[in-house]
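Coordinates in review
Chain by chain, the residues:
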Amino acid sequence: MADHLDFAVRRIQNGEQISNPLTDDIRIMFYKEYKVAGCIRDLLKEKLGIRIDEHEIGYIALHVHAAIVDENVSQAMEIARTVRECICMVEEETGKSIDVMSLSYNRLMNHVRYMVARAIHGEKLKMSLNDYMSVKFPGPYMTAEKICRKMEKSLKLPIPDIEIGYLAMHLERMMDREEE
């Protein structure tokens, strides 16, 4: 993380700006880490007179997250990118915009975040919901299946079939809450 801060400080001193298309997602997905990065922003401003923007804070938050969970920054960025992609797929498949401030979004986003991390690390869930969800909620199940297959192509990693039922459960919850 210190290397990133040094690099960021040099860039800012040279008047260079960077963009981070995932800043909003990082802010939500890595909320605690983003708050820590905000404290670092305050320290930089107070001690060095350097002001960093939200995009830079997003990158620092990824470094903080990577240090905490012993994950590299590129994996954290890949997870954030894939979560954003998945949320877009859900909106496209359901025809509904997802309120990023809703509990349903937060649950879905966290589920996808851990689903992607499991795929990256080769971990598998133990209990399947597929039979239940495919019979009880066939629409969300088919949508979840389609999304998982698209995510496999994007990640270039297999998403175990057992993940489909859990994603379907979150889609059903989200759709059910919207109808209320």
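Read on for a plain summary of the structure. (Residues numbered from 1 in each chain as written. Predicted model: local features only at pLDDT ≥ 70, side-chain atom pairs only at ≥ 80, totals over all residues. Heavy atoms only, no water.)

**Section: the packing of aromatic side chains**
The final tally for this structure, using the stated rule, is 1 aromatic pair. Both rings, one in Tyr132 and one in Phe137, keep their centres 6.4 Å apart while their planes meet at 75°; by these two values the pair is edge-to-face. (Phe/Tyr/Trp six-rings, centres within 6.5 Å; stacked < 30°, edge-to-face > 60°.)

**Things to note about the nonpolar core**
Across soluble globular proteins, nonpolar side chains show a tendency to be buried alongside one another. The biggest cluster of nonpolar side chains holds 49 residues, and the ones touching the most others in it are Leu108, Met151 and Leu167. Counting only elements with at least two residues in this core, the list comes to helix H2 (23–29), helix H3 (31–48), helix H4 (54–69), helix H5 (73–94), helix H6 (103–121), helix H8 (138–155) and helix H9 (162–179). Apart from the residues within four sequence positions on either side, Met151 is in contact with Thr82, Cys86, Met89, Val112, Met115, Val116, Lys156 and Ile159. (Core = buried A, V, L, I, M, F, W, Y, C linked by side-chain atoms within 4.5 Å. Buried < 20%, exposed > 50% of the residue type's maximum accessible area, 1.4 Å probe, protein only. Helix = DSSP H or I, 4+ residues; strand = E, 2+ residues; numbered from the N terminus. Contact = heavy atoms within 4.5 Å.)

**Quick notes on the environment of Ser19**
Note that Ser19 resides in the loop between helix H1 (2–13) and H2. Given the relative accessible area of 54%, Ser19 is considered exposed. Considered as a pair, Ser19 and Cys148 are 129 residues apart in the sequence and their alpha carbons are 29 Å apart. Excluding residues that lie within four positions of it along the chain, Ser19 makes contacts with His55 and Tyr59.

**Let's talk about H8**
End to end, H8 covers 25 Å across 18 residues, agreeing with the expected 26 Å (1.5 Å per residue, within 8%). Within H8 the residues assigned to the buried category are Pro140, Tyr141, Thr143, Ala144, Ile147, Cys148, Met151, Ser154 and Leu155. Looking straight down H8, one finds its buried side chains confined to an arc of 160°; they lie on one side. What points out from H8, more than 90 degrees from its buried face, is the exposed set Met142 and Lys153. Directly beyond the C-terminal end of H8, a positive phi value near 60° is found at Lys156. (Expected span 1.5 Å × (residues − 1). Arc of directions from axis to C-beta.)

**Digging into the side chain of Glu163**
Among the secondary structure elements, Glu163 is positioned in helix H9. Side-chain polar atoms of Glu163 contact the side chain of Arg118, separated by 2.7 Å. The contacts of Glu163, once residues within four sequence positions are left out, are His111, Met115, Arg118 and Leu125. (Polar contact = N/O pair within 3.5 Å; in protein donor to acceptor, adjacent residues only side chain to side chain.)

**A short note on the pattern of salt bridges**
Taken as a whole, this structure holds 11 salt bridges when the rule is applied. Across the salt bridge formed by Glu54 and Arg41, the nearest N and O atoms sit 2.9 Å from each other. Residue Glu54 is located in helix H4, and its partner Arg41 is located in helix H3; the two are separated by 13 residues in the primary sequence. According to the relative accessible area criterion, Glu54 is partly exposed, its value standing at 32%. Since its relative accessible area comes to 25%, Arg41 is described here as partly exposed. (Salt bridge = Lys/Arg side-chain N within 4 Å of Asp/Glu carboxyl O.)

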